[in-house]
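# A closer look at the structure
One-letter residues, chain by chain:
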Amino acid sequence: MSAHDGAGTAPADVARIVVRPIGTPLPLAFLGLVVATTAFAALQLGWLPPSEGRVVALGVLATTVPAQLLAAVYGFLARDPVAGTGTAVLAGTWAAAATATLVTPPRASSPGLGVLLVASAAVMLVPAAAAATGKLVAAGVMGLTALRFAVTGVAEITGSSTWLTAAGVVGLVLAVAALYAALALELEGAGTPVLPVLRRGSGQDADAGDLDDALGGLAREAGVRRQL
């Protein structure tokens, strides 16, 4: 894509912007989310003994966190701040939760972790609100993630078994939503959009519009303009 200020601009003064095609990283991030929220929900609902918390924590650190960090990097490279920001917050929050699980005794609550989770829940509302302008399915997953973090945070702060059970239930609902979103976006990326992802506005234009519409504002995007 070429950008210039006027019709008389010399060829040597024309800025050329090269855009690399990148697959959407959201399915990877959401599948990592399925693993983490399901494993922790199994602990919270008592399906796994408390002694298995260390195994769950190590599994999340080995699978979910790297997957979501990779998704965050490619989200920013794809010039999608919603995907980049949302998945980066997910990676950091799950890393903190897994690390806290490793260093605290089984079934012990941690008010410090609870405060962090409540703060992460508030932070997740930012990419969720931004995603709601274009991709409703992704916005729904991020919103449910915020709820999951908030309920788990309250359970950690209060030490209440009722809140812990509620966190597990919300975690399973989130797992189902994230699995659907990952499958829908994966099929869409493969060229067979069988499941709706509920795109609207700019999200619908990006998927169904022509190339000129998709790249119309490229010269003013972060990484191309002089200042972020």
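Residues numbered from 1 in each chain as written. Predicted model: local features only at pLDDT ≥ 70, side-chain atom pairs only at ≥ 80, totals over all residues. Heavy atoms only, no water.

We now examine the environment of F149. One can find F149 in helix α6 (residues 136-158). Since its relative accessible area comes to 1%, F149 is described here as buried. Sequence separation between F149 and L90 is 59 residues; the distance between their C-alpha atoms is 10.0 Å. Beyond its immediate stretch of four places on either side in the chain, F149 contacts L90, T93, W94, L117, V118, S120, A121 and M124. (Helix = DSSP H or I, 4+ residues; strand = E, 2+ residues; numbered from the N terminus. Buried < 20%, exposed > 50% of the residue type's maximum accessible area, 1.4 Å probe, protein only. Contact = heavy atoms within 4.5 Å.)

On to the environment of R107. Mapped onto the secondary structure, R107 falls in the loop between α4 (81-103) and α5 (111-131). The class of R107 is partly exposed, set by a relative accessible area of 48%. For R107 and L43, which are 64 residues apart along the polypeptide, the C-alpha to C-alpha distance reads 9.0 Å. Setting aside residues no more than four positions away along its own chain, R107 makes contact with L43, Q44, G46, P50 and L164. From its side chain, R107 meets the backbone oxygen of L43 in a polar contact 3.4 Å long. (Polar contact = N/O pair within 3.5 Å; in protein donor to acceptor, adjacent residues only side chain to side chain.)

Moving on: the packing of α4 against α6. What describes two packed helices is the angle between their axes and the distance between those same axes. Closest axis-to-axis distance for the α4/α6 pair is 12 Å, and the angle between their directions is 25 degrees. As summarised for this structure, α4 and α6 are arranged roughly parallel, according to the angle between their axes. Taken as a pair, α4 and α6 cross one another with a handedness that is left-handed. Judged by residue contacts, V82, G86, L90, T93 and W94 of α4 engage M142, T145, R148 and F149 from α6. Class assignment of the residues belonging to the contact of α4 with α6 gives a composition of five nonpolar, three polar and one charged. (Axes fitted to C-alpha atoms, helices over the stretch in contact; angles between N-to-C directions. Parallel < 35°, antiparallel > 145°, perpendicular 65-115°, else oblique. Left-handed = near helix turned anticlockwise from the far one by under 90°. Nonpolar A, V, L, I, M, F, W, Y, C, P; charged D, E, K, R; others polar.)

Here we take up the nonpolar core. Core analysis: the biggest nonpolar cluster contains 42 residues, and F30, L33, V60, W94, M124, V141 and F149 have the highest contact counts within it. Counting residues per element, the ones that place at least two in this core are α1 (26-44), α2 (53-62), α4, α5, α6 and α7 (161-189). At ten residues, the largest contribution of residues to this core is made by α4. Apart from residues lying up to four places away in sequence, V141 is in contact with F30, L33, L174, A177, A178 and A181. (Core = buried A, V, L, I, M, F, W, Y, C linked by side-chain atoms within 4.5 Å.)

All right, on to the packing of α2 against α4 then. Between α2 and α4, the shortest axis-to-axis distance is 8 Å and the interhelical angle comes to 150 degrees. If you check the angle between α2 and α4, you find them roughly antiparallel. The interaxial crossing formed by α2 with α4 has left-handed handedness. For the pair formed by α2 and α4, the contact residues are G53, R54, A57, L58, V60 and L61 on the first element and W94, A95, A98, T99, T101 and L102 on the second. Its residues assigned to classes, the contact of α2 with α4 comprises eight nonpolar, three polar and one charged.

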